[in-house]
Structure formats: C-alpha cells, structure tokens
Amino acid sequence: MGRVRTAIGKTAVAVQGRERGEAGPGGSSGVRGPREAAIARGILAGEVAGRNAEEREAKARALYPTLFQALLEAEEALTRAKFRLEVAKARAQEVEVLAGLVR
C-alpha cells in the first residue's frame with residue numbers, strides 16, 4: 001500500500017510541475033517557454049505585429065505552427081496525466097476500503 005501512495009505522490013508532483021512549466025524528467029523546460037521566447041523575438045524583429053493581442057497571436061500562429069502544435073500536444077498529455085492520476089487515486093482509495101473490510 002505504501003508503494004501505491006508513493007507512486008501516486010510522485011505522479012501528482014510531476015503533474016503539478018508540468019502545470020507550472022517546470023522541467024520534466026528529460027530535462028525539458030516545457031513548450032511554453034520556447035514558444036513565448038520565439039514570439040518575443042518575433043515582436044522585437046517586427047515579424048509579429050498587430051493592433052491587439054488577438055492579431056498578434058494569429059500572426060504568431062502562422063509564423064510558428066510547430067511551437068503551437070507542440071503546446072497543444074503538451075496540454076493534451078497533461079490532461080491525460082491528470083486523468084491517470086485521478087484513476088490511480090480512486091483505485092488506491094478502493095484498495096484502502098477493501099483492506100479495511102478484510103481486517
């Protein structure tokens with residue numbers, strides 16, 4: 001039972017880290033950082049221009065489609081990880097209840 005709790009705890013820490021854009025196990029700093037850096041460089045270079053944030057984002061999406069696709073994929077992976085975490089928590093609770101019935 002202790003190993004299950006430890007695994008759930010490690011998964012929760014990893015999911016929370018991803019939400020904050022922290023480095024993952026492979027040392028990646030996430031995809032928001034590179035995307036934001038590319039957009040900032042584009043704004044400074046005059047490539048990403050617009051009257052408002054929506055226009056600038058549309059221009060950035062056209063200029064940096066791979067970065068936006070990577071962000072979308074990372075957000076989807078985060079959603080799946082959160083779901084797996086919730087399933088693991090529910091299973092651990094179920095095991096605790098069953099263990100309590102056996103005693």
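Refer to the structure printed above.
Residues numbered from 1 in each chain as written. Predicted model: local features only at pLDDT ≥ 70, side-chain atom pairs only at ≥ 80, totals over all residues. Heavy atoms only, no water.

Peer 1: I'd like to hear about the nonpolar core, residue by residue, with values.
Peer 2: A38, I39, V48, A60, Y64 and F68 together form the largest nonpolar core, which totals 6 residues. The residues contacting Y64, other than those within four sequence positions of it, are A38, I39, G42, E47 and V48. (Core = buried A, V, L, I, M, F, W, Y, C linked by side-chain atoms within 4.5 Å. Buried < 20%, exposed > 50% of the residue type's maximum accessible area, 1.4 Å probe, protein only. Contact = heavy atoms within 4.5 Å.)

Peer 1: Requested: an account of helix α2 (residues 32–45), with residues and values cited.
Peer 2: Under the 1.5 Å per step criterion, the end-to-end length of α2 is 20 Å for 14 residues, consistent within 8% with the ideal 20 Å. Listed in full, the buried residues belonging to α2 are R35, A38, I39 and G42. The buried residues of α2 occupy an angular sector of 100° when the element is viewed end-on, so they sit on one face. Turned more than 90 degrees from where α2 packs its buried face, R41 and L44 sit exposed. The secondary structure elements touched by the buried residues of α2 are α3 (53–63) and α4 (65–102). The positive-phi residue at the C-terminal boundary of α2 is G46, with phi of around 85°. (Helix = DSSP H or I, 4+ residues; strand = E, 2+ residues; numbered from the N terminus. Expected span 1.5 Å × (residues − 1). Arc of directions from axis to C-beta.)

Peer 1: Help me get a handle on a nonpolar patch on the surface, residues and values and all.
Peer 2: Together, V97, L98 and L101 give the surface a local cluster of nonpolar side chains, amounting to about 320 Å² of exposed area. Its location among the elements puts L101 in helix α4. Relative accessible area serves as the criterion here: at 66%, L101 is assigned to the exposed category. (Patch = residues over 30% accessible without salt bridge, like charges linked within 9 Å, V, L, I, M, F, W, Y side chains within 5 Å. Areas by Shrake-Rupley, 256 points an atom, 1.4 Å probe, with all protein chains shown as cover. Salt bridge = Lys/Arg side-chain N within 4 Å of Asp/Glu carboxyl O.)

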